[in-house]
Amino acid sequence: MKKMKDSGIEWIGEIPQHWKLERLKFHAVLNPLVDTSDFENEDEVSFVPMENLKSGYHGTSIVSYSKVRKGYTQFNAGDILIAKVTPCFENGNIAIASDLIRDTGFGSTEINVIRCGDISTKFLFYYMQNPKFIERGVSDMFGVAGLKRLVPEYIVSSFYPLPPDAEQQAIADYLDRKCGRIDAMISAKEKTNALLKELRHSLIYEAVTKGLNPSTPMKDSGIEWIGEMPKTWNMSRVKNAYDIVLGKMLQPQPKNDDDELLDYMCSVNITWDGIDLTTLKQMWFSQKEKDTYRLRSGDLLVTEGGDVAVSCIWNEELPECYIQNAVHRVRAKEGFTNRFLLYWMQVLKNIGYIDLTCNKATIAHFTKDKFSDCPFIYCSLDEQQAIADYLDRKCAEIDSVIAANITTIDKLKEYRQSIIYEAVTGKTEVA
């Protein structure tokens with residue numbers, strides 16, 4: 001059994017007695033210069049958009065050198081890339097540059113580049129995924145919430161436990177094998193969940209456009225993306241079947257003595273999975289406004305702003321609550337049910353109808369007029385309720401499997417982190 005010693009750094013703990021503890025600046029260079037003197041403006045070069053780095057370095061774009069020769073980060077193949085901004089090297093925002101034209105790449109100015117000298121790039125790459133190292137780096141970040149930046153000094157001046165070269169390589173090879181297997185299992189679960197979500201979308205679409213009886217006579221709906229629908233069904237507009245009320249404009253101060261400070265729902269509270277009360281805000285309402293904007297059980301809430309047209313049913317999550325003008329409140333007219341409309345909204349969202357309606361080239365708003373004019377396919381109230389009951393059951397079954405897979409993925413990621421931590425701090429015997 002290897003002999004250990006105290007590293008003197010609490011979050012590193014003990015390390016093997018023969019390992020060194022040194023600052024990275026003596027073994028690597030942060031944001032080194034890159035020689036691009038032989039590039040011509042028309043040359044094709046590799047460009048790494050920030051979103052590609054954030055998703056685990058999936059692919060590079062090809063652009064002309066003239067577009068990136070000034071004002072962009074430059075790096076060589078084999079350099080380590082780390083996002084400077086939140087969440088920096090969390091959640092896959094760290095990669096080793098590869099597959100670059102002429103072994104040179106360009107990227108956002110929000111990328112830090114590390115070029116290793118006399119230490120293993122792959123060992124350092126894994127060490128920087130050590131959860132305790134990440135935790136310390138995140139705690140030292142500066143700036144406003146949501147745009148905090150990694151302190152460059154944290155990277156180069158922190159102490160790193162460094163084994164001899166042969167051990168660095170052995171640890172890197174070990175983690176390649178172990179993490180490769182874990183990543184493959186995570187990928188398989190994620191692919192399964194993607195397929196399950198597609199199945200869920202398909203079930204909803206088929207049920208609300210074709211009904212539950214596959215042998216029922218059909219007719220042309222008159223809408224290309226719907227195709228045929230049951231012969232007894234009809235097409236209309238949402239406004240003909242539902243009453244829609246857009247919430248109240250923000251009022252941070254009372255206007256009258258009888259105004260009350262009350263809870264309200266905004267777009268962040270509305271999810272496809274139901275009401276999210278993590279963030280709960282208040283504003284002032286007059287007595288008349290309380291009558292207009294108060295929620296009651298069974299109301300359908302639909303987002304007007306933010307991620308538009310996201311919908312869920314209000315089930316009295318709070319004893320008294322109201323709506324702000326980023327949310328529509330919907331109540332069914334006679335012969336209709338909100339539960340059926342909830343599934344219809346998912347169809348409109350999933351097929352891209354909402355995005356086209358809201359023109360996502362600008363800030364999207366699903367206005368009352370746009371909502372009211374949405375096409376709406378309908379059947380008898382009994383059929384609507386039967387379809388909603390069927391989809392409640394089927395979607396619950398699918399969601400349960402998806403949730404179980406997410407739990408497994410989270411556990412695999414935790415296991416991956418623990419393996420990395422134990423290996424890069426010398427606590428695991430690496431064969």
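A few points on the structure. Being a predicted model, the structure only gives us computed values, none of them experimental.

Definitions and limits used
Starting from 1, residues in each chain are numbered consecutively following that chain's sequence as written. Reporting in this predicted model follows two pLDDT cut-offs: at least 70 for local features of residues, and 80 or more for side-chain atom pairs to be given and counted; totals over whole chains, interfaces and linings ignore these cut-offs and use all residues. Side-chain numbers come from the whole structure's heavy atoms, not from hydrogens or water. Counting from the N terminus, the helices are DSSP H or I runs at least four residues long and the strands are E runs at least two residues long. In this analysis, two residues are considered to be in contact whenever any of their non-hydrogen atoms come within 4.5 Å of each other. Cysteine sulfur atoms that pair up within 2.5 Å are treated as a disulfide. Residue exposure (1.4 Å probe, protein chains only): buried if accessible area is under 20% of the type maximum, exposed if over 50%, otherwise partly exposed. By convention in these notes, a salt bridge is any Lys or Arg side-chain nitrogen within 4 Å of a carboxyl oxygen on Asp or Glu. Pairing between two strands is assigned when DSSP locates at least 2 bridges connecting them. Interaxial angle, 0 to 180 degrees, is taken between N-to-C directions of lines fitted to C-alpha atoms, where a helix line uses only the stretch in contact. An expected span of 1.5 Å times one less than the residue number is assigned to each helix. For Phe, Tyr and Trp, rings pair up if their centres lie within 6.5 Å, where Trp contributes its six-membered ring, and each pair is then called stacked (planes under 30 degrees apart), edge-to-face (over 60) or tilted (otherwise).

1. Considering the environment of Val-208
Counting through the fold element by element, Val-208 comes out in helix α6 (residues 165–210). For the pair Val-208 and Met-229, spaced 21 residues apart in the sequence, the C-alpha separation amounts to 9.2 Å. Excluding residues within four positions of it along the chain, Val-208 makes contact with Trp-233, Phe-340, Tyr-343, Trp-344, Val-347, Ile-377, Ile-387 and Leu-391.

2. Here's the deal with the state of the cysteines
Per the counting criterion, the structure on display carries zero disulfides. You can see Cys-266 has no disulfide; the closest cysteine sulfur is in Cys-321, sitting 9.5 Å from it. Its sulfur unpaired, Cys-358 is 7.9 Å from the next cysteine sulfur, which belongs to Cys-374. Residue classification places Cys-358 among the buried positions, given a relative accessible area of 2%.

3. Some points on the pattern of salt bridges
This model, assessed by the stated rule, comprises 14 salt bridges. Of the charged contacts, one joins Asp-183 and Arg-416 as a salt bridge, the two residues approaching to 2.9 Å between their closest N and O atoms. Residue Asp-183 is located in helix α6, and its partner Arg-416 is located in helix α12 (residues 381–424); the two are separated by 233 residues in the primary sequence. By relative accessible area, Asp-183 is classed as partly exposed at 33%. The closest approach of N and O atoms between Glu-320 and Arg-294, which form a salt bridge, is 4.0 Å. Of the two residues, Glu-320 sits in the loop between β22 (311–313) and β23 (322–323) while Arg-294 sits in the loop between α8 (287–293) and β21 (300–303), which places them 26 residues apart along the sequence. With a relative accessible area of 35%, Arg-294 lands in the partly exposed category. Salt bridges here are not isolated pairs; linked through shared partners, they connect Asp-38, Asp-43 and Arg-102.

4. A word on unusual backbone geometry
The phi dihedral of Asp-99 is positive, around 55°, even though this residue is not glycine. Note on Asp-99: relative accessible area 71%, which makes it exposed. Backbone geometry at Glu-316 places phi at a positive 55°, although glycine is not the residue there. For Glu-316, the location among the structural elements is in the loop between β22 and β23.

5. What to know about the sheet that holds β22
Pairing within the open sheet is antiparallel, and its four strands lie in the order β16-β24-β21-β22. Two strands close off the open sheet at either side, each with one partner strand: β16 (242–246) and β22. Strand after strand, the sheet turns through a mean of 25° between neighbouring axes, direction not considered. Of the pairings in the sheet, the one linking β16 to strand β24 (residues 327–332) comprises five bridges and is antiparallel in character. Its bridge partner lying in β24, Tyr-242 is registered against Ala-332. Sheet strands in contact with helix α9 (residues 338–350) are β16, β21, β22 and β24, and its direction is about 160° off that of β22.

6. Re α9
With 13 residues, α9 extends 18 Å from end C-alpha to end C-alpha; this agrees with the ideal 18 Å at 1.5 Å per step. Of all 13 residues in α9, eleven are buried, a share of seventy percent or more. Of the residues flanking the end of α9, it is Gly-352, one or two places downstream, whose phi is positive at about 90°.

7. Structural notes on the environment of Ile-351
By secondary structure assignment, the location of Ile-351 is in the loop between α9 and α10 (353–358). Given a relative accessible area of 38%, Ile-351 falls into the partly exposed group. Along the sequence, Ile-351 and Asp-382 sit 31 residues apart, while their C-alpha atoms lie 26 Å from each other.

8. Section: α6
Here α6 spans 65 Å end to end across 46 residues, near enough to the 68 Å set by a 1.5 Å rise per residue. Note on α6: the residue one or two positions beyond its end, Gly-211, has a positive phi of about 85°.

9. Quick word on the packing of aromatic side chains
In this description, an aromatic ring pair is defined by two values, namely the gap between the centres and the angle between the planes. For the coordinates displayed, the defined rule picks out 21 aromatic pairs. The interplanar angle of 85° and the centroid separation of 5.5 Å between the aromatic rings of Tyr-242 and Phe-376 together place this pair among those described as edge-to-face. Here Tyr-242, found in strand β16, pairs with Phe-376, found in strand β25 (residues 375–378); they are 134 residues apart in sequence, far enough to count as distant. Like Tyr-242, the residue Phe-376 is buried in the burial classification. Judged by centre distance (6.5 Å) and plane angle (80°), the ring pair of Trp-344 and Phe-376 falls under edge-to-face. Placement of the pair is Trp-344 in helix α9 and Phe-376 in strand β25, with a sequence separation of 32 residues. Judged by relative accessible area, Trp-344 falls into the buried class, the value being 0%. Within the aromatic cluster, the residues linked to one another by ring pairs are Trp-225, Tyr-242, Phe-336, Phe-340, Trp-344, Tyr-353, Phe-376 and Tyr-378.

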